[in-house]
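Architecture and fold: a report
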Amino acid sequence: MKVLIAVDSSPASQRVLEEAAVRPWPKETAFCIASAIDVTQFAELPVLVEDAKRESEQILKRGTALLARTNHVARTEVLLGSPRKVISTYASEWGADLILTGSHGHSAIGRFLLGSVAQGILRTAACSVEIVRYPLSGPAPSSHPMKILLATDGSECSLAAARLVASRPWPHATALKILSVEELVAMPVPLAASSLASVYPASLLEELLTAARDNAVKAVESTRQIVTQTGMKILDQNPIPAGDPRSMILDIAEAWPADLIVLGSHGRRGLDRLLMGSVAESVAVHAHCSVEVIRGNPSR
């Protein structure tokens, strides 16, 4: 496995490094810590690029020292260009399986900063991306038994996410909760919601709702079969919730509370990015915990 850790000078990046250092990883996992310098900021004073490089090198040096405490060896790279793009480009060139990046917080400003970098990486990376998020004053999630919420819709990308979770080591006594949501029928116009019978036959509505419920149940069962041999504690499944998957995943993760949400991405590039954004990206941006969006071949 190859893990690319994207960092800058922020406290959020320090939390990413701390989590990477204590999390169990498959044997022979290779690490690279990368920092990107947006050279367009120094267009008027190019001499400052060298200063920025030296600062980045110091950040990377501290990062390698932190990982070395847990016997992890990491290479380093200083990249030139927009972090939103060059991190993903380098990840592809290096053959990364996973990018770890940080979140700058839950405030409006924090959301903007997340969108400017981490969300850009999430949209452009060809591999899986985890946005690491936990309280500044709290311990890294992997320093204790984790609570992992595995969201699934039964699709191949969701099953790939389940297989990846099953293939990785996790802290001892980690608990796993499998979640699938019965997605309610969306009304095409506001008027339809006030008079369903006049728009859809009752039998068709019931058929659609039953199919949605059956699909959610099957998604949970197929996912459970994949992860049942992991040794993790798999919590008993509560009744299948109904509603908007984005809201339900976020609400259940916060109420539990989860340390990590894992879910699959429906696409890699082009129009598929827009489809990915409908659930996975929304959860990654708005969650109060870490979120890993699985993309690519989890068996590598």
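As shown above, the structure is provided for reference.
This section reports on the structure supplied with the text.

Thresholds applied
- Residues numbered from 1 in each chain as written.
- Predicted model: local features only at pLDDT ≥ 70, side-chain atom pairs only at ≥ 80, totals over all residues.
- Heavy atoms only, no water.
- Pairing = 2+ DSSP bridges.
- Helix = DSSP H or I, 4+ residues; strand = E, 2+ residues; numbered from the N terminus.
- Contact = heavy atoms within 4.5 Å.
- Axes fitted to C-alpha atoms, helices over the stretch in contact; angles between N-to-C directions.
- Parallel < 35°, antiparallel > 145°, perpendicular 65-115°, else oblique.
- Left-handed = near helix turned anticlockwise from the far one by under 90°.
- Nonpolar A, V, L, I, M, F, W, Y, C, P; charged D, E, K, R; others polar.
- Salt bridge = Lys/Arg side-chain N within 4 Å of Asp/Glu carboxyl O.
- Buried < 20%, exposed > 50% of the residue type's maximum accessible area, 1.4 Å probe, protein only.
- Core = buried A, V, L, I, M, F, W, Y, C linked by side-chain atoms within 4.5 Å.
- Expected span 1.5 Å × (residues − 1).
- 1 Å grid on protein atoms, 1.4 Å probe; cavity = no way out; pocket = protein on both sides within 12 Å on 5 of 7 lines; lining within 4 Å.
- Points joined across faces, edges and corners; volume = space filled by probe spheres on them.

1. Topic: the sheet that holds strand E4 (residues 98-102)
What the ten strands build is an open sheet, ordered E3-E2-E1-E4-E5-E12-E11-E6-E7-E9; its pairing is mixed. The open sheet has two edge strands with one neighbour each: strand E3 (74-80) and strand E9 (233-234). Here strand E5 (residues 128-132) runs beside strand E12 (residues 290-294); their pairing, made up of three bridges, is antiparallel. Across the sheet, the residue bridging to Val 129 is Val 293, located in E12. Strands strand E1 (2-6), strand E2 (30-37), E4 and E5 of the sheet are contacted by helix H1 (residues 11-22), whose axis makes an angle of about 140° with E4. Contacting E1, E2 and E3, helix H2 (residues 47-68) crosses the sheet at an angle of about 155° to E2.

2. Brief notes about the packing of helix H6 (residues 156-167) against helix H9 (residues 202-227)
Axis separation between H6 and H9 bottoms out at 8 Å; the angle between their running directions is 25°. With respect to H9, the axis of H6 lies roughly parallel. Considering only the axes of H6 and H9, their crossing is right-handed. Between H6 and H9, the contacting residues are Leu 159, Ala 162, Arg 163 and Ala 166 on the first element and Ser 222, Thr 223, Ile 226 and Val 227 on the second. Tallied by class, the residues present in the contact of H6 with H9 amount to five nonpolar, two polar and one charged.

3. Focus on the pattern of salt bridges
For the structure on display, the rule yields ten salt bridges. A salt bridge links Lys 53 to Glu 50; the nearest nitrogen and oxygen atoms lie 3.6 Å apart. Taken together, the residues span about one helical turn, with Lys 53 and Glu 50 both in helix H2 at a distance of three residues. We classify Lys 53 as partly exposed; its relative accessible area is 25%. Arg 163 serves as the salt-bridge partner of Glu 156, at 2.2 Å between the closest nitrogen and oxygen.

4. A closer look at the side chain of His 72
Relative to the helices and strands, His 72 resides in the loop between H2 and E3. If we skip the residues at most four places from it in the chain, His 72 touches Ala 20, Ala 21, Arg 23, Trp 25, Phe 31 and Leu 67.

5. Some points on the environment of Ile 226
Looking at where Ile 226 falls in the secondary structure, it is placed in helix H9. It is 7.9 Å that separates the C-alpha atoms of Ile 226 and Leu 159, two residues lying 67 residues apart in sequence. What Ile 226 contacts, discounting residues up to four positions off in sequence, is Leu 159, Ala 162, Arg 163 and Ala 166.

6. Things to note about the nonpolar core
Membership of the largest hydrophobic core comes to 40 residues, with the highest contact counts inside it found for Leu 4, Ile 87, Ile 99, Leu 149, Ile 261, Leu 263 and Val 291. Aside from chain neighbours lying at most four places away, what touches Ile 261 is Leu 149, Ile 249, Ala 253, Val 283, Ala 287, Cys 289, Ser 290, Val 291 and Glu 292. With 20 residues, the next largest nonpolar core counts Val 16, Leu 17, Trp 25 and Leu 67 among its residues.

7. Focus: helix H3 (residues 83-94)
Over its twelve residues, H3 extends 16 Å from the first C-alpha to the last, a length consistent with the 16 Å expected when each residue adds 1.5 Å. Here H3 has its buried residues at Val 86, Ile 87, Ser 88, Tyr 90, Ala 91 and Trp 94. Where H3 terminates, the next one or two residues include Gly 95, which has phi positive at roughly 85°.

8. Considering the pairing of E12
In regular strands, side chains alternate between the two faces of the sheet. Taking burial as the measure, the five residues of E12 include five buried ones, the bulk of the element. Burial along E12 is two-sided: the face carrying Ser 290, Glu 292 and Ile 294 and the face carrying Val 291 and Val 293 are both buried. Inspection of the sheet shows strand E11 (residues 260-264) paired to E12 by five bridges, in the parallel sense. Paired with Leu 263 across the bridge in E12 is Val 293.

9. Quick word on the layout of surface pockets
There is about 390 Å³ of room inside the second largest pocket. Together, 21 residues line the second largest pocket, and Thr 152, Asp 153, Pro 245, His 266 and Val 279 are the ones closest to its centre. At the level of elements, H9, helix H10 (245-255), E11 and helix H11 (271-286) are the ones that each hand at least two residues to the lining of the second largest pocket. A per-element tally of the lining of the second largest pocket places H11 first, with five residues.

10. Some thoughts on the pairing of E5
Most of E5 sits out of view: five of its five residues are buried. Of the two faces of E5, both are covered, the one formed by Ser 128, Glu 130 and Val 132 as well as the one formed by Val 129 and Ile 131. Taken together, the five bridges between E4 and E5 define a ladder with parallel strand orientation. Bridge pairing in E5 places Gly 102 opposite Val 132.

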